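# Coordinates in review
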Number of protein chains: 2
Amino acid sequence: MIESQIVPYRDHDTLLNGFLAWDTALSGRRPGVLVVHGGAGLDDHARGRALRFVESGFVAFACDMYGEGVAGNRVIQRITELRGNPAALNQRTQAGLDILSRHPSVDGRLAAVGYCFGGMTVLELARSGAQLAGVVSVHGALETAQPAEPAGIHTKILVCHGALDPHVPMTHVASFSQEMVRAGADWQLIIYGGAMHGFTHENATGNQPGVAYHAPSDLRSSLAIQMFLREVF
Amino acid sequence: MIESQIVPYRDHDTLLNGFLAWDTALSGRRPGVLVVHGGAGLDDHARGRALRFVESGFVAFACDMYGEGVAGNRVIQRITELRGNPAALNQRTQAGLDILSRHPSVDGRLAAVGYCFGGMTVLELARSGAQLAGVVSVHGALETAQPAEPAGIHTKILVCHGALDPHVPMTHVASFSQEMVRAGADWQLIIYGGAMHGFTHENATGNQPGVAYHAPSDLRSSLAIQMFLREVF
């Protein structure tokens, strides 16, 4: 049976509330998957993806990157703060990883999967040299203020990218490729034809220009992520 | 038990010898996979890949694109002839598809998987409007003299590309992406970090500059191809 609970935790002064889920029918310890939400914050999408990872046999923690009471206009402000300060961003992600790794069923192996804002977040974590089994960025930004150093990446990387994403043009894909080659990273990037920004968000279509759900790419990327996690764990 | 035979066939005046393989332990009809060899011609690599598709439950035909007696300097001449004449190239590929589709165990569903020269070949076939379930190009050229027309592609497309392939730089990936978007194709392209040209050719390393076997990308692309074939069939 899948159990879940809201876990309050802290990144210094900021109170965060994450969503932890695991399957009580499984015995033994297993890897943990951190889910990092998109720009809308910890929502049904992030919780739903966490539950899918639990169905695949992992413990999952959908972390909270914004903190209690951050909504409306304050969300953009919080995103801007975190994007502008990679060290603070990585510290906040690490606070989520700490919660996940302390779960008694987690065996020490960890991966992080992020969507949109969370995709950018997990790539920044990788660039910082975090020791994880793998990170997956799904329709996330690929640009960075602090490109990875040679031999500076210590996790496998998978990027799932929509060919029609107006926020991430092919020039960014080319720059990211150069950055990863220079860093000597173990990386893959899948371009999904027909997919715009936010292609895994079931309710995204029509909310913002350039953002739309794309069921075939959601399914294909979900399978690619499963395959990636089977490889890295 | 896997059975195989050399099948002589013709494309007009050209005598060709393909390699047909199927599993006699399976009952019932099933999809067929055409394997299109790389620049070296129908060799152990192409036959080996055909046998893997048989192990996955398909009938496979590794076709012969060059013809009897074409070796040495005549290979480059034959490649140049075929690349310069997409209609002739597609006709020759179609001759192989005809052999495959006539096998009594093939149920009418067909896909084509090509490597290097064969990758270019299957994309040309897709651009010509061929009605297949899917085509897969593995470390093949992405440029073309005859870009696909809008609504002109009638098969799903998967491209497996090495990030370090000096023959297929990121500018070609960008042009291919534009071509596929304009055509409205159902397509995906995976960039494998660390992979040069010919990354699935076990014995390629050291033979030519820019060409090398890359085991992780060979494995990852093989799994991606399996997943793609499960989707399209």
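Please read all numbers here as calculations on a predicted model, not as lab measurements.

### Focus: the overall build of chain A
Broken down by element type, chain A carries six helices and eight strands. Moving toward the C terminus, one meets the helices and strands of chain A in the order β-β-β-α-β-α-α-β-α-β-β-α-β-α. Dimensions of chain A along its principal axes, counting C-alpha atoms only, are 45 × 40 × 35 Å. In chain A, which comprises 233 residues, the proportion classed as buried is 59%.

### Focus on the relation of the copies chain B and chain A
In screw terms, the move from chain B to chain A is a rotation of 180 degrees and a rise of 0.0 Å along the axis, fitting with an RMSD of 0.0 Å. The symmetry that links the two subunits is that of a two-fold axis. Considering only C-alpha atoms, the part of chain B nearest the rotation axis is B:Ile190, at 2.1 Å. Taken as a fraction of all interface residues of chain B, those also at the interface in chain A reach 100%, which identifies the copy contact as same-surface.

### Comments concerning the pattern of salt bridges
Side-chain pairs of opposite charge can arise whenever the charged atoms involved come near each other. Inspection of the entire model under this criterion finds 24 salt bridges over all chains. Here B:Arg92 ties to B:Asp11 by a salt bridge, and the two come within 2.9 Å at their closest N and O atoms. You can see B:Arg92 sitting in helix α3 (residues 86-102) and its partner B:Asp11 sitting in strand β1 (residues 2-11), a full 81 residues away along the chain. Both residues of the pair, B:Arg92 and B:Asp11, count as buried. Residues B:Glu124 and B:Arg127 are paired through a salt bridge, measuring 3.1 Å at the closest nitrogen-oxygen approach. Placement of both B:Glu124 and B:Arg127 in helix α4 (residues 117-127) is noted, with a separation of three residues, approximately one turn of the helix. For the residue pair B:Glu124 and B:Arg127, the accessibility class agrees, reading buried in each case. A single salt-bridge network, built from bridges that share partners, covers A:Arg49, A:Arg52, A:Glu202 and A:Asp218.

### A look at the side chain of A:Ser222
All names here are of chain A. In this structure, serine 222 sits in helix α6 (residues 215-232). The exposure class of serine 222 is buried, given its relative accessible area of 17%. For serine 222, the side chain forms a polar contact with the main-chain oxygen of aspartate 218, separated by 2.8 Å. If we skip the residues at most four places from it in the chain, serine 222 touches Arg49 and Arg52.

### Remarks on the interface of chain B and chain A
Quoted interface sizes are often the accessible area lost when the parts come together. Taken together, the contacts link 22 residues of chain B with 22 residues of chain A. When residues of chain B are sorted by the area they lose upon contact with chain A, B:Ile191, B:Arg220 and B:Met227 head the list and together hold 31% of the total. For the interface between chain B and chain A, the tally reads four salt bridges. In this structure, the salt-bridge partner of B:Arg220 is A:Glu231, at a minimum N-O distance of 2.7 Å. Counting every contact that joins chain B to chain A gives eight residue pairs in polar contact (both at pLDDT 80 or more). Elements represented by at least two residues in the side of chain B that touches chain A include exactly α5 (170-183), β8 (187-192) and α6 (215-232) of chain B.

### Side note on unusual backbone geometry
Residues and elements named next belong to chain A. A positive phi angle, near 50 degrees, is found at histidine 12, a position not held by glycine. Locating histidine 12 in the fold gives a position in the loop between β1 (2-11) and β2 (14-23). Residue alanine 151 is not a glycine yet carries a positive backbone phi of 60 degrees. Given the relative accessible area of 59%, alanine 151 is considered exposed.

### Looking at the packing of helix α2 (residues 73-83) of chain A against helix α3 (residues 86-101) of chain A
All names here are of chain A. Contact geometry of α2 with α3 gives a least axis separation of 6 Å together with a crossing angle of 105 degrees. By the criterion of interaxial angle, the relationship of α2 to α3 is roughly perpendicular. Every residue of α3 that contacts α2 at Arg78, Leu82 and Arg83 is listed here: Pro86, Ala88, Leu89 and Arg92. Within the contact of α2 with α3, the residues separate by chemical class into four nonpolar, no polar and three charged.

### Focus on the packing of helix α1 (residues 44-55) of chain A against α6(A)
All names here are of chain A. Running from N to C, α1 and α6 point in directions that differ by 45 degrees, and their axes come no closer than 12 Å. Between α1 and α6, the crossing angle belongs to the class labelled oblique. α6 is crossed by α1, and the crossing has right-handed handedness. Residue-level inspection shows Arg49, Arg52 and Phe53 of α1 in contact with α6, the latter providing Asp218, Ser222, Ile225 and Leu229.

### Remarks on the confidence of the model for chain A
For chain A, the mean per-residue pLDDT works out to 96, and 100% of the residues sit at or above 70. Note on the complex model: pTM 0.96, ipTM 0.95.

Criteria and cut-off values
Residues numbered from 1 in each chain as written. Chains lettered and ligands numbered in written order. Predicted model: local features only at pLDDT ≥ 70, side-chain atom pairs only at ≥ 80, totals over all residues. Heavy atoms only, no water. Helix = DSSP H or I, 4+ residues; strand = E, 2+ residues; numbered from the N terminus. Buried < 20%, exposed > 50% of the residue type's maximum accessible area, 1.4 Å probe, protein only. Least-squares fit on C-alpha atoms with pLDDT ≥ 70 in both. Contact = heavy atoms within 4.5 Å. Salt bridge = Lys/Arg side-chain N within 4 Å of Asp/Glu carboxyl O. Polar contact = N/O pair within 3.5 Å; in protein donor to acceptor, adjacent residues only side chain to side chain. Buried area = accessible area lost by both parts, 1.4 Å probe. Axes fitted to C-alpha atoms, helices over the stretch in contact; angles between N-to-C directions. Parallel < 35°, antiparallel > 145°, perpendicular 65-115°, else oblique. Nonpolar A, V, L, I, M, F, W, Y, C, P; charged D, E, K, R; others polar. Left-handed = near helix turned anticlockwise from the far one by under 90°. pLDDT = per-residue confidence, 0-100.

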